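Chain by chain, the residues:
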Amino acid sequence: MGLSAVQLRVCLQSYWYMWVTNSITGLLFTGIGIGIAAFFMKKFRKTKAKPHARAPNTTKRSERPFSPTDINTLDNSFGTGTTGTGVIGTYAPRITSADSTNEIGLLDSSEAFAQATFQAINGFRRRYEAQPLELNDQLSEIAQRWAEHMASTGKLEHSPPEWRNLGRQTLGENYAASFQVELTGEKMVRKWMKEGKRYMFGHDGRKDTENFTQLVWRASQEIGVGRARSDDGNWWYGVVIFDPPGNIPNQYAENVHLPAEIK
């Protein structure tokens, strides 16, 4: 005789916890069995002998990442004063100062840098109807001294007024720096000239245009140029001193003219 609906409901309510317990126990034992099987399979695979040795690495050394031995060999090769070929290809000696680079002929001399800067500045001044400047040795000594100071401190900043005061007035000064790329005279001057895009002609200049306005300041007559490199070889610093100085309030309109080609 079958159970009625009422009897079936009573059975379910009385024994439901037994069914739940049995189901959970079954799942637990199944999981344990799978885990044990996986453990022994992994152990078996580790102890199984490899049928063949790994194929040799045919990648060229220059195409592989540097190993600790490669890096150590390269580091020991730097600073020897010569060029050569090491375990990872051709390398050059580490340069620690601008003077040492000039000695081995890798970079332009300070004089060549000064001439390149001088020519670039006068080239731009012609466009703004400003007379060409003269290169002054005394001003160049001041510029060189401050460039070397920035190279030693790592700070890009204006020199104190007493550094560039010849007894009349504080001289004008532009400076620039370059990281891991040689700072040339042309690059330095072009960087300053880009500030002209923000300058409002006929008005006094601002902090973010003062390099440009000093560069084309009509009353300036002489410049001095200096460049130095940091001891770690990563940074280049360039300085240009102007006499008379520019960027004098209320004198911009008469000293900073529009380019001749757009007048």
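Here, the structure is the one placed above.
Computed from a predicted structure; not experimentally measured. (Residues numbered from 1 in each chain as written. Predicted model: local features only at pLDDT ≥ 70, side-chain atom pairs only at ≥ 80, totals over all residues. Heavy atoms only, no water.)

*Asks:* Honestly, helix H4 (residues 110-127) in this entry has me stumped. Any pointers?
*Replies:* Turn by turn, an α-helix covers 3.6 residues, leaving residues three or four places apart pointing in a common direction. With 18 residues, H4 extends 27 Å from end C-alpha to end C-alpha; this agrees with the ideal 26 Å at 1.5 Å per step. By the burial criterion, the buried members of H4 are Phe113, Ala114, Thr117, Phe118, Ala120, Ile121, Asn122, Phe124 and Arg125. In this structure, the buried side of H4 is in contact with strand E3 (134-135), helix H6 (185-193), helix H7 (210-215), strand E5 (222-229) and strand E6 (235-243). At the exit of H4 stands Glu129, carrying a positive phi of roughly 55°. (Helix = DSSP H or I, 4+ residues; strand = E, 2+ residues; numbered from the N terminus. Expected span 1.5 Å × (residues − 1). Buried < 20%, exposed > 50% of the residue type's maximum accessible area, 1.4 Å probe, protein only. Contact = heavy atoms within 4.5 Å.)

*Asks:* Hey, could you run me through the pairing of E5 in this one?
*Replies:* Regular strands have side chains that alternate between both faces of the sheet. Summarising burial for E5: seven of the eight residues are buried, a large majority. Relative to E5, E3 runs parallel, the two being bridged by two bridges. In the sheet register, Glu134 faces E5, and the bridge partner there is Glu222. With eight bridges connecting them, E5 and E6 associate as antiparallel partners. (Pairing = 2+ DSSP bridges.)

*Asks:* What's the story with the pairing of E6 in this structure? I'm lost.
*Replies:* With eight of nine residues buried, E6 is to be regarded as a mostly interior element. Between E5 and E6, which pair antiparallel one after the other, the connecting turn spans five residues, and Gly233 there sits at a positive phi close to 80°.

*Asks:* What exactly am I supposed to notice about the nonpolar core here?
*Replies:* Within soluble globular proteins, side chains that are nonpolar tend to cluster in buried spots. By size, the foremost hydrophobic cluster in this structure holds 26 residues, and its most contacted members are Ile121, Met193, Leu215, Ile223 and Val240. When contributions to this core are tallied by element, the ones reaching two or more residues are H4, H6, H7, E5 and E6. Considering each element in turn, this core owes the most residues, six residues, to H4. When neighbours within four sequence positions are excluded, Met193 is seen to be in contact with Phe124, Tyr128, Phe212, Leu215 and Val216. Core analysis: the next-biggest nonpolar cluster, separate from the first, contains 13 residues, Ile142, Met150, Leu171 and Ala228 among them. (Core = buried A, V, L, I, M, F, W, Y, C linked by side-chain atoms within 4.5 Å.)

*Asks:* Even after reading the chapter, I still don't get unusual backbone geometry, so can you show me in this structure?
*Replies:* In the segment running from Asp243 into Pro244, the intervening peptide bond is cis, with an omega of -10°. Examined against the element boundaries, Pro244 turns out to sit in the loop between E6 and helix H8 (252-255). For Gln180, which is not glycine, the phi torsion reads 60° and is therefore positive. When you line up the elements, Gln180 lands in the loop between strand E4 (172-179) and H6. In this structure Gln180 comes out as exposed when scored by relative accessible area, which is 54%.

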